[in-house]
Amino acid sequence: MGESQVKSRRRVVEHGEVFTAEREVNAMLDMVRQETERIDSRFLEPACGNGNFLAEVLRRKLAVATRRCKRDAAVWERDAFVAVASLYGVELLEDNVAECRERLLGIVAGEWRSVCRSAGNPAFLDAAAYVLSHNIQCGDALTMKTAQGEPITFSEWSLVFGDKVKRRDYRLCDLLENQEDTPSLFPSTGTAWGVEEGTNVRLAPVVAEFEPTSIFEVVDHG
């Protein structure tokens, strides 16, 4: 076990905290390479630590965004927003949560500066940080509750047209209740418990819903 895989022996004993090495992270992600290179493919890491898996997935998604944007800052920012918004994590330890959020934001900020330069919208980074504050949560994935004992709630961020995004919030326990029937993290439609037309798949209830807004203004519509 390498030193980079543990922060301290105490944390290993008390929390079983051992980080996956970079080589193993890439080997496992290569098994689902097609999904890691789909900008809108959602990933949920139930014990995300400081973000080893999520960071590599984000790098792969942003590489795709950069290849296809042709130096168009608006296109890159839209695709990069979708990439950031597709990543979800739950972690027991608060310092890991903060480190994971900061790490992911640092990755997207570095690529944003490289690709967009002076053409970028400074509000983009605020929007990315806001999304990460919702998508990476401190809690227990086994009980599906936050550190405060509340149900873990995740936001679905869906582009509806142009740079407009629609946000819907769901409880994780509801989303996972029919996981065997619904491989996607979020249901495709529905605002209350019901059955999707033509199927036996029950849809999770939406606990909050927001009007579509620009990706640059999500901070003001929370």
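Check the entry above for the structure.
Because the structure is predicted, anything quoted here is derived from the model rather than measured.

Definitions and limits used
Residues numbered from 1 in each chain as written. Predicted model: local features only at pLDDT ≥ 70, side-chain atom pairs only at ≥ 80, totals over all residues. Heavy atoms only, no water. Helix = DSSP H or I, 4+ residues; strand = E, 2+ residues; numbered from the N terminus. Buried < 20%, exposed > 50% of the residue type's maximum accessible area, 1.4 Å probe, protein only. Contact = heavy atoms within 4.5 Å. Areas by Shrake-Rupley, 256 points an atom, 1.4 Å probe, with all protein chains shown as cover. Phe/Tyr/Trp six-rings, centres within 6.5 Å; stacked < 30°, edge-to-face > 60°. Patch = residues over 30% accessible without salt bridge, like charges linked within 9 Å, V, L, I, M, F, W, Y side chains within 5 Å. Salt bridge = Lys/Arg side-chain N within 4 Å of Asp/Glu carboxyl O. Expected span 1.5 Å × (residues − 1). Pairing = 2+ DSSP bridges.

Right, let's talk about the overall build of the protein for a bit. Check the secondary structure of the protein and you find 8 helices and 10 strands. A buried classification covers 44% of the 222 residues belonging to the protein. Contacts in the protein between residues far apart in sequence, at least 24 positions, make up 64% of those at least 6 positions apart. A total accessible area of about 11800 Å² is found for the protein, and carbon and sulfur atoms account for 49% of it.

Counted according to the given criterion, the structure contains 4 aromatic pairs. Consider the rings of F81 and W157, whose centres lie 6.4 Å apart with planes at 90 degrees: the pair is edge-to-face. Placement of the pair is F81 in helix α5 (residues 73-85) and W157 in strand β5 (residues 153-161), with a sequence separation of 76 residues. A ring pair is formed by Y88 and F154, whose centres lie 5.1 Å apart and whose planes are at 65 degrees; its orientation type is edge-to-face. On the criterion of sequence distance, the pair formed by Y88 in strand β2 (residues 87-91) and F154 in strand β5 is long-range, its members being 66 residues apart. Residue Y88 is classed as buried on the basis of its relative accessible area of 0%.

On the surface, a nonpolar cluster with roughly 320 Å² of combined accessible area is contributed by M28, M31 and V32. Among the structural elements, V32 can be located in the loop between α2 (22-30) and α3 (33-36). Overall, the relative accessible area of 39% leaves V32 in the partly exposed class.

Over its 13 residues, helix α7 (residues 123-135) extends 18 Å from the first C-alpha to the last, a length consistent with the 18 Å expected when each residue adds 1.5 Å. Every buried residue of α7 is accounted for by F124, L125, A127, A128, Y130, V131, L132, H134 and N135. Where α7 is buried, its residues meet α5, β2, α6 (94-116), β3 (136-140), β5 and β6 (164-171).

What follows deals with the environment of I152. Mapped onto the elements of the fold, I152 is located in the loop between β4 (145-146) and β5. When the C-alpha positions of I152 and D140 are compared, they lie 8.5 Å apart, and in sequence the two are 12 residues distant. With sequence-adjacent residues up to four places away left out, I152 is seen in contact with V90, Q137, G139, D140, M144, K145, T146, Y170, R171 and L172.

Tallied over the entire structure, the rule returns 15 salt bridges. Here R33 makes a salt bridge to D30, at a shortest N to O gap of 2.9 Å. When its relative accessible area of 39% is taken as the criterion, R33 is described as partly exposed. The exposure class assigned to D30 is partly exposed, which follows from its relative accessible area of 34%. Linking E37 and R33 is a salt bridge whose minimum nitrogen-to-oxygen distance equals 3.8 Å. Three or more residues joined by partner-sharing salt bridges are found here, namely D30, R33, E37, E56, R59 and R60.

Of all 5 residues in β3, 4 are buried; the element is thus mostly enclosed. Where β2 lies against β3, 3 bridges are found, and the strand directions are parallel. Following the sheet pairing, V90 is matched in β3 by Q137. Examined bridge by bridge, β3 and β4 share 2 bridges and lie antiparallel to one another. For D140, the partnering residue across the bridge sits in β4 and is K145. Linking β3 to β4, which pair antiparallel, is a turn of 4 residues; within it M144 sits at a positive phi near 60 degrees.

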